[in-house]
Each structure stands twice: as structure tokens, then as C-alpha cells.
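Residue-level listing of the chains:
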Amino acid sequence: MSSSLFNDSGVSIPISDDDSDELGRMRVRVRRKRKKSLHRVNNELTRRVVRFFMKYWMVLVLVFAIGLLVFEATRIGRKPSMIVKTEQDKVTSQLKEFKRPIPDKKSDSTLNRLDPVMKLVHGVKEPCLKMLPPDELENLDLPMNKESSSPIKKVVYLSGNDRPYVGGNSTLSQQPREGTRFNLFTGIQTFDQREESFKVKETAEIHCGFYSEHGGFRISDEDKIYMQNCKVVVSTCAFGGGDDLYQPIGMSKASLRKVCYVAFWDEVTRAAQESEGHNIGDDGFIGKWRIVVVKDLPFTDQRLNGKIPKMLAHRLFPQVKFSIWVDSKSQFRRDPLGVLEALLWRTNSVLAISEHGARSSVYDEAKAVVRKNKATPEEVEVQLTQYRHDGLPEDKRFNGKKALNEASVIVREHWPVTNMLMCLWFNEVVRFTSRDQLSFPYVLWRLKVHEKINMFPVCIRKDLVNTIGHVRKAKPLKSFLSAD
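Overview of the structure.

Analysis parameters
- Residues numbered from 1 in each chain as written.
- Predicted model: local features only at pLDDT ≥ 70, side-chain atom pairs only at ≥ 80, totals over all residues.
- Heavy atoms only, no water.
- Axes fitted to C-alpha atoms, helices over the stretch in contact; angles between N-to-C directions.
- Helix = DSSP H or I, 4+ residues; strand = E, 2+ residues; numbered from the N terminus.
- Parallel < 35°, antiparallel > 145°, perpendicular 65-115°, else oblique.
- Left-handed = near helix turned anticlockwise from the far one by under 90°.
- Contact = heavy atoms within 4.5 Å.
- Nonpolar A, V, L, I, M, F, W, Y, C, P; charged D, E, K, R; others polar.
- Pairing = 2+ DSSP bridges.
- Core = buried A, V, L, I, M, F, W, Y, C linked by side-chain atoms within 4.5 Å.
- Buried < 20%, exposed > 50% of the residue type's maximum accessible area, 1.4 Å probe, protein only.

A word on the packing of helix H15 (residues 416–431) against helix H16 (residues 436–447). Between H15 and H16, the shortest axis-to-axis distance is 9 Å and the interhelical angle comes to 135°. Here H16 runs oblique to H15, going by the angle between their axes. Here H15 and H16 pass one another in a crossing that is right-handed. Seen from H15, the contacting residues are Met-420, Leu-421, Leu-424, Trp-425, Glu-428 and Val-429; seen from H16, they are Asp-436, Ser-439, Phe-440, Tyr-442, Val-443, Leu-444 and Leu-447. Residue composition of the contact of H15 with H16, by class: ten nonpolar, one polar and two charged.

Spatially, eight strands are ordered S9-S10-S8-S7-S11-S16-S13-S17 in an open sheet, and the strand pairing comes out mixed. Looking at which strands have only one partner, the edges of the open sheet turn out to be strand S9 (285–286) and strand S17 (453–456). Across the face of the sheet, H15 comes into contact with strand S13 (351–355) and strand S16 (405–413) while running at roughly 150° to S16.

Bringing the nonpolar core into the picture now. By size, the foremost hydrophobic cluster in this structure holds 69 residues, and its most contacted members are Phe-217, Phe-264, Phe-317, Leu-421, Trp-425 and Phe-426. Per-element accounting of this core gives the leading share, ten residues, to H15. Each residue touching Leu-421, except ones within four places of it in the same chain, is listed here: Leu-351, Phe-440, Val-443, Leu-444, Leu-447 and Val-449. One finds Val-232, Leu-344, Val-409 and Phe-456 within the second-largest nonpolar core, a separate group that totals 37 residues.

Scope: geometric values only; no functional claims are made or implied.
In C-alpha cells form, the structure reads like this:
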């Protein structure tokens, strides 16, 4: 079959089907040739670019280097006022990092709970902490002064205030001495002095903080007067903008009259709390807590700063006879006088502290500290090497109790033996790691005062407080935060 294509001359040219196929093949070949030509153009452009860079690469590098130098010169040439912030700006920038925590349903359900924690005894539920009835709590008085059966009758705190002080920089109190964290606040305790401090004597001389008047941890005269009038105190602290302040609950009217509640803050914490609407009243209180704002914290490590009110309450409250320490992550929820009666007076103890809930020995705790990155393996090993050298056993029980303690709640009488114990404990956390659970069993073992220590079970600690948990990470202390 064939078809005709007509031109203007009217002459017909026959085209067969075979001719159509041949024409199609020619068109394909033409297209293919065009694609190959385009490919050759791209390759040629690439080769030209490569040749250009190979020929002028040194010039390009030089131009880049000159541009970088010009950029750095403009940065260096800025005025100091453009890059240096004021102290207030730095505090403000720190506070911006404190985002209000997302409410935790578990924390919300824990806060303000008063229901007792129960335990099973022969199949019957009983309260872990057996408090006196409310009417007896209202009539509870502090015990009369008693004669101490301890061979330690008096503790003298070493001081350098009688020595000349050279220098006017308040941040010197933060500078460590002899490669340790000892400073003007602690005094420089030599190793020989450390060994001597553990000897039980009728009059013990010991480093116990507040070594120099230039050592930091300054408190206003107004706050000092308030603290000197306390006989029983419940205390806590939050430095570096850490945890919120939880109001104590469950106390009797008698405790409200006889017990001081004191919370130690620094300027960063106060600013963080004020930014959330928690302002200190004109009387110095927020709720039941007297807020004491401390100036010139002596350590850059906020964990160490927190050990001062935790362990040295007898130095801060010279007239106090009994104290209860509560970590800032917890809400105290029991009557303080009732707690003293149940854990100290009823058991004839001078100090009460909880057994550890998970582990039983210092050496097990050391492994956990390293595993959880609470301290470096090197500093933990230095501490354990010393304790092994001193002969600290690996026993998991002392006097029938766990050999490891949890120190979020400490109930104690201010007595020479407990004051000495707390001073020794404080010196250990300064010398070694800040993890006080590693050093407390060692100090007990060295002093051999277990019979006067009430190591109560974990369920009692859970009954004493509602544990909220840490809501913020405390910011390390910066030198610009030192107050004038």
C-alpha cells in the first residue's frame, strides 16, 4: 500500500511504508547525535573550570585569607562596651537559662501529701514512723541539759583570724590551695592535721569552716540576730538558682512557736525565684521559711557550698540545740518536735540518718558514683585508695545496720561529739569528692560512735518528706557574682 504527498507543482511523489521506517530511523540517529554533542559541551565546561582552579588556586587561597583577617580585625576593633556585659546582665543571662519546669504529674501528686507511709509487720500494716498523738505533741518540751557520756567534752574550731591578711580581693576565698579545694573559708588542713583530727580527746581542735573573716559565706547582721535566737531549726538551701522552695506541712502549733525554718539562698536563686513571682517579704519570710541570702559563696562548686548549711549548722546557729536538715528536693511534712522525740529522744541517740535504699557499702557506692558520672574515676580512686590504706573494711553492715547512708534528711543534737563528726565529714568532702555518702561511713568508722547513731530504715525517710526531685540544675558560681 502506498500514499501520496502533494506539492505546489502538483506532482505526486509516492512514499512506501518501508521508506517511512527508514525515515524514522534517521530521525532517531539525529537525536542521538544531538545528545552526544550536549554531553561533550558539559565535559568541556568541567575541564575548563578544573584548569582554572589549578592555575589560580594560590590566588584564591590568598583572597580567602585576606578576607578572614579583615573579619577578625573588625571583631577586635569593637568597643569593650559592645562585648562586656555588666554583672546584672550576666545574672540576667544566667536566669534566661532557667526555664520553668514542665509540671510533673508525679510531683504534683506528691506535694502536700500527709498520709503515713506504712510497712508490714507480721502481716499487719503499721506506720513506719510512730509519732506521739497530737495532744502530746502540743505539750512536748525540749529535754533538759544532760551530761554527755562521750569522752569528747569540747570542740575548738581552728581559726586564722588572728593572723595578718594581705589582699583585698573577695574572690580569693574561692582560690584553692596546695592543689586541693581548701581555701580561706576552710583553712588549709594538712594531711597530718587530718590524721590528728580523728583522735578522740576531751578537747578536740579541728578545722570546721569559717576559718577566716575573708573566707566568704557572709550573712547580714539582721539574719544573724534572727539565727542566734533559734533553739530548734529546720534548714535547707538552694544555691545557683536550683530547686523551688516547698513549704513545710504537718507541724503542731507548739512547733510553730518553738521551731525556726531557715532557707539559705544566694543572689542567683533569689533572682530566679523572683522571676517566678516568689518574692521575699519585708519581714524576710516566704511563708514559714526565713530566707537568708548569703554573699560571697566560698566555692565555685555549688555542691560544696550546699555542704556548709547541711553539715555546719552548729557553726551557723550557735544557740541551737537540735537541728533537722532537709534537702531542697524534698518537702518536710512532719512535726519537728515529734520527729526529734521519735528519732533522738526515744532512742537515746544524738544523730539520726537514713540507711541507703539501694546499696550497702562505700565501695559499691563508689562504683555507682562513677557509673552515673557524679564524679570522675580518678578522684573517686584517690579517695578509695586512702580509705583502703586506712583500713576501712568492705563490710556491708555496721552494728547490724547498713554500712551506707542516704543523707537527704539529717536529724541531730548539737553536742560536742556530733559537732566534731560533722566537721570531720565536711573536711572529707572538701579534700576528696563532694559525694558525701562516700565519706560519712568512713567518719563514723574512725570515730567509733555507732551506738549513738540512729540509722533508721528507708521507709521512715519516705515518711518524713515528700520527695519532689531536683527541678533545675544549679549553675556553677562565677567570680562576677561575688557581692561587694
